[in-house]
Amino acid sequence: MLAQELIRKKRDGLSLTSSELDWFVKRLTSGYISEGQAAAFAMATYFNGMSLEERVAFTMSMRDSGEVIDWQSTGPIIDKHSTGGIGDNVSLLLAPALAACGGYVPMVSGRGLGHTGGTLDKFDSIPGYNTQPDLDTFKRAVKSTGCAIVGQTPKVAPADKILYSIRDVTATVESIDLITASILSKKLSANLDALVLDIKCGNGAFMTSHRDAKTLAESLVSVSNLLGCKTIALLTDMNEPLASSVGNSLEVMNAVEFLSGKKRDQRLFNVVCSLGAELLVLMDLVENRSSGFAKIKNSFDSGSSAEIFSKMIAVLGGPSNFLDKASSILPRATIVEDVYAPQSGTVSAVDTRSLGISVVELGGGRRTVKDKIDYSVGFDNLLSIGDKADKNIPIGRIHANDWEKFEEAKSRMIRAYKIDDQKIKKCDLIIDYVK
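These numbers were taken from a predicted model, which means no experiment stands behind them.

Q: Can you tell me about the overall build of the protein chain, naming the residues and giving the values?
A: Counting secondary structure elements, the protein chain contains 17 helices and twelve strands. Relative to the compact-globule value of 22 Å for 435 residues, the protein chain shows a C-alpha radius of gyration of 22 Å, a close match. Dimensions along the principal axes, computed over C-alpha positions, put the protein chain at roughly 70 × 45 × 40 Å. Contacts in the protein chain between residues at least 24 apart in sequence constitute 77% of all its contacts with a sequence separation of at least 6.

Q: Run through unusual backbone geometry, naming residues and quoting values.
A: Of note in this structure, A157 is not a glycine but carries a positive phi near 40°. Here A157 is to be found in the loop between β3 (147–151) and α8 (158–168). Its identity is not glycine, yet N191 carries a phi of approximately 60°, on the positive side. Tracing the chain through its elements places N191 in the loop between α9 (176–187) and β4 (194–201).

Q: Describe the layout of surface pockets, naming the residues involved and giving the relevant values.
A: In this structure, the second largest pocket spans a volume of roughly 310 Å³. Considering the residues around the second largest pocket, the lining is formed by 20 residues, among which L250, M253, D380, R397 and H399 are closest to the centre. Broken down by secondary-structure element, the contributors of at least two residues to the lining of the second largest pocket are α11 (248–260), α15 (322–329) and β10 (396–400). For the lining of the second largest pocket, the residue count by class is seven nonpolar, eight polar and five charged.

Q: Describe in detail helix α14 (residues 304–315), supporting the description with residues and values.
A: For α14, built from twelve residues, the straight-helix expectation of 16 Å at 1.5 Å per residue is met to within 8% by its first-to-last C-alpha distance of 16 Å. Buried residues of α14: S305, A306, I308, F309, S310, M312 and I313, and no others. Phi for G317, located one or two positions after α14, is positive at around 100°.

Q: For empty space enclosed by the protein, give the residues involved together with the corresponding values.
A: Throughout the structure, instances matching the rule amount to one cavity of 30 Å³ or more. By volume, the largest cavity is sized at about 30 Å³. Lining the largest cavity are S358, E361, L362, K405, E408 and A409. Counting only elements with at least two residues in the lining of the largest cavity, the list comes to α16 (352–364) and α17 (403–416).

Q: Kindly report on the sheet that holds β4, identifying the contributing residues and their values.
A: Reading across the sheet, the four strands line up as β1-β4-β5-β12 and stay open at both edges, with mixed pairing between neighbours. Looking at which strands have only one partner, the edges of the open sheet turn out to be β1 (78–82) and β12 (430–434). Each adjacent strand pair in this sheet contributes to an overall mean axis angle of 20°, direction not counted. Across the sheet, helix α10 (residues 210–226) is in contact with β4, β5 (230–237) and β12; its angle to β5 comes to roughly 165°.

Q: Would you mind going over the side chain of R55 in detail, with residue names and values included?
A: With respect to the element layout, R55 can be found in helix α4 (residues 52–63). With a relative accessible area of 17%, R55 lands in the buried category. Not counting the four nearest positions on each side in its chain, R55 is found in contact with M50, I176, D177, T180, S219 and V223.

Q: Describe in detail the pattern of salt bridges, supporting the description with residues and values.
A: Enumeration over the complete set of coordinates arrives at 22 salt bridges. For R55, the salt bridge goes to D177, with nearest N and O atoms at 2.8 Å. Of the two residues, R55 is situated in helix α4 and D177 in helix α9; the sequence distance between them amounts to 122 residues. Residue R63 pairs with D64 through a salt bridge whose shortest N-O separation is 2.8 Å. The exposure class assigned to R63 is buried, which follows from its relative accessible area of 16%.

How each quantity is defined
- Residues numbered from 1 in each chain as written.
- Predicted model: local features only at pLDDT ≥ 70, side-chain atom pairs only at ≥ 80, totals over all residues.
- Heavy atoms only, no water.
- Helix = DSSP H or I, 4+ residues; strand = E, 2+ residues; numbered from the N terminus.
- Rg over C-alpha atoms; globule rule 2.2 N^0.38 Å.
- Contact = heavy atoms within 4.5 Å.
- 1 Å grid on protein atoms, 1.4 Å probe; cavity = no way out; pocket = protein on both sides within 12 Å on 5 of 7 lines; lining within 4 Å.
- Points joined across faces, edges and corners; volume = space filled by probe spheres on them.
- Nonpolar A, V, L, I, M, F, W, Y, C, P; charged D, E, K, R; others polar.
- Expected span 1.5 Å × (residues − 1).
- Buried < 20%, exposed > 50% of the residue type's maximum accessible area, 1.4 Å probe, protein only.
- Pairing = 2+ DSSP bridges.
- Axes fitted to C-alpha atoms, helices over the stretch in contact; angles between N-to-C directions.
- Salt bridge = Lys/Arg side-chain N within 4 Å of Asp/Glu carboxyl O.

Shown next, in the form of structure tokens:
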């Protein structure tokens, strides 16, 4: 075969066979295909798309470009994936909760992308925690604790790593076909039995419209199920931060307080329990959603999720008894100040994307790949839509290490919150289901 001939077929809107796609992925991984050819393939796919059969074959080849884990009958292997949001620390809570309910969760996560935070960046704020263990260590952690949250290793879907870096600089990231293969090739390399997808929708999400979010969800669910992994997607609201904290160490601390029972943001609680319930139903560990929701909730109330989370931290190199030590060992900012709205009233809307960008500008995210992250900065005590704000109730609190950046973040936060006396109608938290 010739790479240029396959590119020509896709350029002309023709379908590629599974053997052609497999040949392309193998040659991409080996270095036989040039960056220019990979870019041309990505652009041709962006404009002409793939059929469902092509998507399945392409995803399978991408997955098989690296190692697919053999768990040797460990138990139900389950996982969750989110398309990214603001104040989204669901993974920190859901992974140990699922483990407490009898599942095994090998969660391969990513770093921050654009205006959204990354799960790995949150864990990197924990001293000693190893987000890039070798495969054997990863497997041991999952088997001994029930869950492990780590980053993509060189052996996991290497074709995706090559193609994604090319898509990132050729304006082809938004292709539904390529997004589907990218997400699922990494997730399914863990040989999952079941997967739940949290597809964010709203002004703080990558997919701002219901239509686009559902299109992506349908693609992911169809391909994953056809590749033998029971999968369901929930479309969830991202028109305001999911948790009241945004920023790496602040979201970890928020999770610690949640697990310890000191403070549980209601929106975050509902999303975590809803996602967990779906996985428990998929694996026949419960009869229905309501019993699944109750079982996840009980894992928090009983302290079993907290115990597993703390054990996972220690197994992967972090401090023992992390929940007890978190407030003293997580990075802290030198400037911590409340921010008040210029007028009293009720929060009627939040520019969620703007808050995410503010954290990046404070240093809590990357402008370029090589940027070093300040894990201590961000926001906490953020108000939600429907909350009252006045001279005694701040809209949030800023954590910064530079006064100039603090003032910029303060101005952006004030602009991001719409305060008035309108009657508030909040969006449904769970917008839709795709089975």
